[in-house]
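The lines below spell out each chain.
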Amino acid sequence: MTDDSMLAGLRIAYARELALYRRYHTRKANVALHAVCVPIEWLAFLVFAASASPVAQLRPAWVIQAVIALATGPLHPPATFAGVPALFALAWLAEAIVEALPSFVARAAAAFTAWTVSWLLQVPVGHYLIEGNRPSMTEALTAASVFFSVPLAWDAFASMRRNVTLSDASSNARLWWW
């Protein structure tokens, strides 16, 4: 497989995941909620991965984020390129949390708490209350949907922000996020 065909295949996979993501995230409030909560959920994973690594010198948060940044950056520019620095900021934040908390138990508790709060906001609030639907992962949970989760949430948010017009914001005297 050539580099061009591999990139084309990744772009197709990303476009499919983004289309699925957008079908289940149509309300502006839910898109914004996910743009905040998905990175928190991912940060919890990075903290746990960095805490559980038997070789701290590997710096797993940085390795994971570098792979994601390199893989997703060229997939849907400019949105995915714009998110690359923020992906590295998540790695930095994960390592700062790991260094600040004294023990594996404290780090795991912090990660689990952040992950749980993030999920409680995304699923019962975002999907059931705001959208009136179920999460897209109930239809298709793939490695790509997990791997691309943060870029997908940010890409959907950036697309939503670009598509908001003055008439959208003021129509029917509704708040912009509803």
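Only a predicted model underlies this, so the values are computations on that prediction, with no experimental measurement involved.

Moving on, we come to the overall build of the chain. When you go through the chain residue by residue, the secondary structure sums to 9 helices and 0 strands. Of the regular secondary structure in the chain, the N- to C-terminal order runs α-α-α-α-α-α-α-α-α. For the chain, buried positions account for 39% of its 178 residues. Taking the contacts inside the chain whose residues are at least 6 apart along the sequence as the reference set, 78% of them involve residues at least 24 apart.

What follows is about the packing of aromatic side chains. A complete count under the given rule lists 7 aromatic pairs for this structure. Ring geometry for Tyr-14 against Phe-148: centres 5.2 Å apart, planes inclined by 75 degrees, an arrangement best described as edge-to-face. Of the two residues, Tyr-14 sits in helix H1 (residues 3-24) while Phe-148 sits in the loop between helix H7 (143-147) and helix H8 (149-163), which places them 134 residues apart along the sequence. In this structure Phe-148 comes out as buried when scored by relative accessible area, which is 2%. A ring pair is formed by Trp-115 and Trp-119, whose centres lie 5.4 Å apart and whose planes are at 35 degrees; its orientation type is tilted. Placement of both Trp-115 and Trp-119 in helix H6 (residues 104-131) is noted, with a separation of 4 residues, approximately one turn of the helix. Of the aromatic side chains, those joined through ring pairs into one cluster are Tyr-14, Phe-147 and Phe-148.

Tallied over the entire structure, the rule returns 2 salt bridges. For Glu-139, the salt bridge is made with Arg-23, and the minimal N-O distance between the two is 3.2 Å. Within this pair, whereas Glu-139 is found in the loop between H6 and H7, its partner Arg-23 is found in helix H1, the two being separated by 116 residues in sequence.

About the cut-offs
- Residues numbered from 1 in each chain as written.
- Predicted model: local features only at pLDDT ≥ 70, side-chain atom pairs only at ≥ 80, totals over all residues.
- Heavy atoms only, no water.
- Helix = DSSP H or I, 4+ residues; strand = E, 2+ residues; numbered from the N terminus.
- Buried < 20%, exposed > 50% of the residue type's maximum accessible area, 1.4 Å probe, protein only.
- Contact = heavy atoms within 4.5 Å.
- Phe/Tyr/Trp six-rings, centres within 6.5 Å; stacked < 30°, edge-to-face > 60°.
- Salt bridge = Lys/Arg side-chain N within 4 Å of Asp/Glu carboxyl O.

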